[in-house]
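Now for the letters of each chain:
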Amino acid sequence: MSATKTTAAAIGVHGLHKRFGGLVALDGIELEARAAEVLGIIGVNGAGKTTLMNCICGIYRADRGSVSIGGRDMTGLTPHEIAHAGVGRTFQIPRVFRKMSLIDNLLVPVLDRNQTDRALIERAEAMLEQMRLIELRHNFAEELSGGQQKLLEMARMLMPEPKVVMLDEPFAGVHPTLCRFMIEQIEAIAAGGKTVLLISHDLTSIYRLSHRVAALNQGRVIAEGSVDEIRGNPAVVEAYLGA
Ligand SMILES: Nc1ncnc2c1ncn2[C@@H]1O[C@H](COP(=O)(O)OP(=O)(O)OP(=O)(O)O)[C@@H](O)[C@H]1O
Ligand SMILES: [Mg+2]
């Protein structure tokens, strides 16, 4: 762990750089999410949104810069350690355990908890009920539709009760009905006081859910502010329409 600047922000990202060979994916990102805030992240394909999330949760190691969670420096920690510090995430393409039942999928992140099997199973069942997947609890995850896999992944993320949740494209490829349900779930997560980092190309949903929005382009934050500030920002409009 390097000696780096940390803040009391729920998520603090300072001077984050990430290259893939000659490609600069993140070019000095400065970003903070306050506690219990929904921070929307927008940007065209390849802007660096997923790479940012991967650096925050430790899947990628940044070349330079720091990441803090609740003021604790997370730079250089493993994904497991960062998850234990209270950070949960979902993936752009859901990563469920395909050959495991829905219940077992939910138990994986909490097996080392000092709780009885019964308490954990009851919690997993309540979570599946909330996500309208309870009837399928003994089915293999591979039997779920793509949209249902997104719900399962969200339920699994919530099992260890993370303080910070990061959602990568929760609405992508999702029918409008399920999209509305997903929005309600995210509203409930935010109402519960969690900090949410929400990546999406669905600007209507981003603008509805976010307290603040940051726009990325070519690995840089080109604008950051309230929904109204971002909506009318010329640099954001140009990045979307001028590209
Ligand atoms: N593992 C990797 N290896 C090489 N290049 C990568 C890798 N991951 C991302 N990149 C590159 O980094 C840049 C940013 O990618 P990233 O996935 O972060 O974009 P994004 O904003 O999430 O885009 P999208 O909206 O399409 O999901 C892209 O040019 C991408 O090709
Ligand atoms: Mg992405």
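Here, the structure is the one placed above.
Everything quoted here is computed from the prediction, not taken from an experiment.

A. Main features of helix H6 (residues 176-191). For H6, with 16 residues, the first-to-last C-alpha span of 22 Å sits near the 22 Å given by 1.5 Å per residue. Three or more residues of H6 are buried, namely Met 182, Ile 186 and Ile 189. Burial along H6 is one-sided: seen end-on, the buried residues are contained in an arc of 55°. Seen from the open side of H6, the exposed residues pointing more than 90 degrees away from its buried face are Pro 176, Thr 177, Glu 184, Ala 188 and Ala 191.

B. Up close: the pairing of strand S8 (residues 195-199). Most of S8 is tucked away: five of the five residues are buried. Here S8 shows no split at all, with Thr 195, Leu 197 and Ile 199 on one side and Val 196 and Leu 198 on the other all buried. Examined bridge by bridge, strand S3 (residues 38-42) and S8 share four bridges and lie parallel to one another. Across the sheet, residue Val 38 finds its bridge partner in S8, namely Val 196. Across five bridges, the pairing between strand S7 (residues 164-168) and S8 is parallel. From the neighbouring strand, Val 165 faces S8, where its bridge partner is Val 196. You can see the chain leave S7, run along H6 and come back into S8, and the turn it takes is right-handed.

The rules behind these values
- Residues numbered from 1 in each chain as written.
- Chains lettered and ligands numbered in written order.
- Predicted model: local features only at pLDDT ≥ 70, side-chain atom pairs only at ≥ 80, totals over all residues.
- Helix = DSSP H or I, 4+ residues; strand = E, 2+ residues; numbered from the N terminus.
- Expected span 1.5 Å × (residues − 1).
- Buried ≥ 20, exposed ≤ 12 C-beta atoms within 10 Å, placed from the backbone.
- Arc of directions from axis to C-beta.
- Pairing = 2+ DSSP bridges.
- Right-handed = clockwise from strand over helix to strand, strands pointing away.

Keep in mind these values describe shape, not function.
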